[in-house]
Amino acid sequence: MRIWVNGGLYDADEARLSVLDHGLTVGDGIFETVRVAGGRPFALTRHLDRMTRSARGLGLADPDHDEVRRAVAAVVEGNPMELGRLRVTYTGGLSPLGSDRGDAGPTLVVAMGETSRRPDSTAVVTVPWTRNERGAVTGLKTTSYAENVIALARAHEGGASEALFPNTVGQLCEGTGSNVFVVLDGRIHTPPIVSGCLAGITRALTVEWTGAQETDLPLDVLERADEIFLTSTLRDIQAVHRVDGRELASAPGPVTAKAMRVFDERAADDLDP
């Protein structure tokens, strides 16, 4: 693996960061995951725009989009593969121990690993922990991911690939690394951004391309929805065939299957929508 670290491309065993990097010591950083198919990143401009929004939300300097694009191009060229998960990480950089930032400037790391296409459907579980829709980092894609690690481990214990969170007022919010959609009476709905969910890139494209509605949804909508699906960079659109103990026998259902076709067609027509 060839990894970009602060201006240069290195072999994985030579790539180095200080143990005092603020991203390591206090999770002071942001990241983006980009799908790369056949050497071509998808929706990179949208990812860079969200990266800037996340940086501003944390009070980090705006990332240099030209530098990030150069790093992405170098990493993609240096790691040829059919389908890749590319991760751009941007942190507060070398800092004193504690929450105060240093003045050394931010750290930029870009790496890519091989992945495979997801199955057409998956199982999910709900978890008892909540997303805080009013938190300081709500809606930011930060490296502070411990809650997601715990919830995803719970999902794996239940034979599922994803865990779904409510927010603090009991509304359906999001998954550990995905957005969630439900189909009710033939219409597609997804929680609004004010629910506390991440403004997913694939979520936004799915709303634009399918006409899905942003709707406040109680968590128990999962018990009665006709169809359920997830969206994320690596899932695209993925149907849910089981949520907790409830089986959705025909997943992907007709509305989800159509959404999957539309997404695949539109994404193939435009790599940077």
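For the structure itself, consult the block above.
Model, not experiment: these values are computed from the prediction.

### Focus: the packing of aromatic side chains
What the rule picks out here adds up to 4 aromatic pairs. Judged by centre distance (5.2 Å) and plane angle (80 degrees), the ring pair of phenylalanine 31 and tyrosine 145 falls under edge-to-face. Within this pair, whereas phenylalanine 31 is found in strand E3 (residues 29–37), its partner tyrosine 145 is found in the loop between strand E7 (121–126) and helix H4 (146–157), the two being separated by 114 residues in sequence. Cluster of aromatic residues (ring-pair linked, three or more members): Phe42, Trp209 and Phe263. Positioned over the ring face of phenylalanine 42 is arginine 35, at 4.8 Å from the centre of the ring. For arginine 87, the ring lying beneath its charged end belongs to phenylalanine 31, and the centroid distance is 3.9 Å.

### Some remarks on empty space enclosed by the protein
Over the atoms a probe the size of a water molecule is rolled, and this reveals where empty space is left. Counting across every chain of the model gives 1 cavity of 30 Å³ or more. Space inside the largest cavity adds up to approximately 50 Å³. Partitioned by chemical class, the residues of the lining of the largest cavity number 4 nonpolar, 3 polar and 2 charged.

About the cut-offs
Residues numbered from 1 in each chain as written. Predicted model: local features only at pLDDT ≥ 70, side-chain atom pairs only at ≥ 80, totals over all residues. Heavy atoms only, no water. Phe/Tyr/Trp six-rings, centres within 6.5 Å; stacked < 30°, edge-to-face > 60°. Helix = DSSP H or I, 4+ residues; strand = E, 2+ residues; numbered from the N terminus. Lys NZ or Arg CZ within 6 Å of the ring centre and 35° of its normal. 1 Å grid on protein atoms, 1.4 Å probe; cavity = no way out; pocket = protein on both sides within 12 Å on 5 of 7 lines; lining within 4 Å. Points joined across faces, edges and corners; volume = space filled by probe spheres on them. Nonpolar A, V, L, I, M, F, W, Y, C, P; charged D, E, K, R; others polar.

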